[in-house]
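Given next are the chains, with one letter for each unit.
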Amino acid sequence: MNTKERSIIRDLSLAPEGHLKIDWVNAHMPVLNRIREQFEKEQPFKGLKVAISLHLEAKTAYLAKVVKAGGADVTICGSNPLSTQDDVCAALVEDGITVFAKYNPEPKEYKELLLKTLETEPDLIIDDGGDLVSILHSERKDLLKNVRGGAEETTTGILRLKAMEKDGELQFPMVAVNDAFCKYLFDNRYGTGQSVWDGINRTTNLVVAGKTVVVVGYGWCGKGVAMRAKGLGANVVVTEIDAIKAVEAYMDGFAVMSMEEATKIGDFFVTVTGNRDVIRGEHYKVMKDGAILSNAGHFDVEVNKPELDALSVSKRTVRRNIEEYTLQDGRKFYLIAEGRLVNLAAGDGHPAEIMDMTFALQAMSLKYVNDNYKQIGKKVVNVPYELDEQVARFKLASMNISIDSLTEEQKTYLDSWAEH
């Protein structure tokens, strides 16, 4: 059975537009192109099956093609029902990759597509949010036997994996790609910062300058969202539970206050915590009329939708990806993309040049775990620093930027404990 017969997608005739999208990102991902050349020569995944669950758009598609170039039999599904692009899925099928993904499937079908991906009995996994790994360890333990290990993309997924490791449940090694320097310093900060506002701006078509933007959480993603909001002319407020991060946000020039205070003055809200119910019923009761709610965390639980539904007397779609909730007192709130990842569910995700570095880390981490899975054992490990630095060096080379090296005298000086 070929990939066209195996795959479950929306419409194969959409492939030409998908190819154009993939070609565009390919031209702007020089680091991944360099790794593809290595993989084509070395064939590190020859004879292996790789299952990928990521936001299925053009940049992810190109990563899948790079892994395939390394000799793998690749199967891919989406990691969010609203971020899948049907034309990209069709293009991948034409390129010989099995795809189980559609834009906005029903929840039951979405789960079935994840299961179909795992039923290919993969040797290696690239996961986003921990869904594939979680299903393997809970519902489909019969499919664990071939899995050598994998790599995880997100903060949320790594938290789940570490909880599994702590409980002694994790059955294979996973590389925490999100914790690599070339991931959080650039992807989480500059990628999320830009793509969140790309998604909000294209969806709402409203001005940000002069408005009050509440950024809920000041991790690396929150830093990026706040920085870009400031650049758009917003008055930025940060809410935090971590005292150190709160001081950092204040020193970075942002107002810091409790969510209770911020709720009363916010025009735009962006949640980036990885936790649930950070905007909830008590906040809706004092929120300004016209407030726009969005989420940039992996799961759609940060903005509490059931409590918003319970307080509302009506709900309607007023623009693509915007739902208007009307409360008993006439106040209206607007939720973007059902509270799912605003930058992907209502946009195209991070810029190609940013994901070039992140997906280079994914490809190299997948090779690393395949080469070392027996030695690593059943645990979560960081990306080795030499791989992290290699991605940065490839990036610098692609921009024709040179940096210095230590002289032998300088190395000796730094390594010496004696009086200088």
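Values in this document were obtained by computation on a predicted structure and should not be read as measured data.

Draft legend 1. Quick peek at the overall build of the protein chain. Helix and strand content of the protein chain: 18 helices and 15 strands. Taken against the 2.2 N^0.38 rule, which gives 22 Å for 420 residues, the C-alpha radius of gyration of the protein chain at 22 Å falls within 12% of a compact globule. Out of the 420 residues in the protein chain, the part that is buried amounts to 54%. Considering only contacts within the protein chain whose residues lie at least 6 apart along the sequence, 72% involve residues at least 24 apart. Carbon and sulfur atoms make up 50% of the accessible area of the protein chain, which amounts to about 18900 Å² in all.

Draft legend 2. View of the sheet that holds strand E9 (residues 255-256). Strand order in the open sheet formed by 8 strands is E9-E8-E7-E10-E11-E14-E13-E12, and the pairing between neighbours is mixed. Since the sheet does not close on itself, it has two edges, and those belong to E9 and strand E12 (312-319), each with one partner. As paired strands, strand E7 (residues 212-216) and strand E10 (residues 268-271) are joined by 4 bridges and run parallel to one another. Following the sheet pairing, Val215 is matched in E10 by Val270. Strands E7, E10, strand E11 (292-295), E12, strand E13 (322-327) and strand E14 (332-336) of the sheet are contacted by helix H9 (residues 181-204), whose axis makes an angle of about 140 degrees with E10. Against the sheet, helix H10 (residues 220-231) touches E7, strand E8 (235-239) and E10, its axis set at about 170 degrees to E7.

Draft legend 3. Geometry of the environment of Met259. Along the chain, Met259 turns up in helix H12 (residues 259-263). On the basis of relative accessible area, Met259 is assigned to the buried category, the value being 13%. Taking the C-alpha atoms as reference points, Met259 and His283, separated by 24 residues in sequence, lie 7.8 Å from one another. If we ignore the near neighbours within four places in the chain, the residues touching Met259 are Val216, Thr239, Phe269, Val278, Ile279 and His283.

Draft legend 4. Local environment of the sheet that holds strand E2 (residues 73-78). Pairing is parallel in the open sheet, where 7 strands are placed in the order E3-E2-E1-E4-E5-E6-E15. The open sheet has two free edges, formed respectively by strand E3 (98-100) and strand E15 (380-382), since each of these has just one partner strand. Across the sheet, the mean angle from the axis of one strand to that of its neighbour is 20 degrees, orientation sign disregarded. By the bridge criterion, 3 bridges tie strand E5 (residues 149-152) to strand E6 (residues 174-176) in an arrangement that is parallel. If you follow Glu152 over to E6, its bridge partner there is Ala176. Along the sheet, helix H7 (residues 131-138) contacts strand E1 (49-54), E2, strand E4 (124-127) and E6; its crossing angle with E4, the most-contacted strand, is approximately 125 degrees.

Draft legend 5. Representation of helix H6 (residues 107-118). In a regular helix each residue adds 1.5 Å, so 12 residues correspond to 16 Å; H6 covers 17 Å between its end C-alpha atoms and thus fits that length. All of the buried residues along H6 are Tyr110, Leu113, Leu114, Leu115, Thr117 and Leu118. Along its buried surface, H6 packs onto E1, E2, E3, E4 and H7.

Draft legend 6. Structural context of the UniProt feature "domain: S-adenosyl-L-homocysteine hydrolase NAD binding" (unreviewed entry) in the protein chain. UniProt records the feature "domain: S-adenosyl-L-homocysteine hydrolase NAD binding" (unreviewed entry) for residues 188-349 in the present numbering. For residues 188-349, the helix share is 36%, the strand share is 24%, and the end-to-end C-alpha distance is 11 Å.

Draft legend 7. Inspection of helix H8 (residues 155-166) at higher detail. Look at H8: 16 Å from first C-alpha to last across 12 residues, which is about the 16 Å you get at 1.5 Å a residue. Within the sequence span of H8, burial applies to Thr156, Gly157, Ile158, Leu161 and Met164. Tucked into the core, H8 has its buried residues touching H7, E5, E6 and E15. Looking one or two places after H8, you find Gly168, whose phi comes out positive at around 75 degrees.

Draft legend 8. Region of interest: the pattern of salt bridges. With the rule as written, the count across this model stands at 28 salt bridges. For Asp95, the salt bridge identified is with Lys65, shortest N-O distance 3.2 Å. Note that Asp95 is positioned in the loop between helix H5 (86-94) and E3 and Lys65 in helix H4 (residues 58-69), a separation of 30 residues in sequence. You can call Asp95 partly exposed: its relative accessible area is 25%. On the basis of relative accessibility, which here comes to 18%, the residue Lys65 falls in the buried class. Linking Arg340 and Glu338 is a salt bridge whose minimum nitrogen-to-oxygen distance equals 3.6 Å. Residue classification places Arg340 among the buried residues on the basis of a relative accessible area of 19%. With a relative accessible area of 29%, Glu338 lands in the partly exposed category. Within this structure, Asp300, Lys305, Glu338 and Arg340 form a network of salt bridges that share partners.

Cut-offs applied
Residues numbered from 1 in each chain as written. Predicted model: local features only at pLDDT ≥ 70, side-chain atom pairs only at ≥ 80, totals over all residues. Heavy atoms only, no water. Helix = DSSP H or I, 4+ residues; strand = E, 2+ residues; numbered from the N terminus. Rg over C-alpha atoms; globule rule 2.2 N^0.38 Å. Buried < 20%, exposed > 50% of the residue type's maximum accessible area, 1.4 Å probe, protein only. Contact = heavy atoms within 4.5 Å. Areas by Shrake-Rupley, 256 points an atom, 1.4 Å probe, with all protein chains shown as cover. Pairing = 2+ DSSP bridges. Axes fitted to C-alpha atoms, helices over the stretch in contact; angles between N-to-C directions. Expected span 1.5 Å × (residues − 1). UniProt positions renumbered as here; feature names shortened; annotations may be inferred. Salt bridge = Lys/Arg side-chain N within 4 Å of Asp/Glu carboxyl O.

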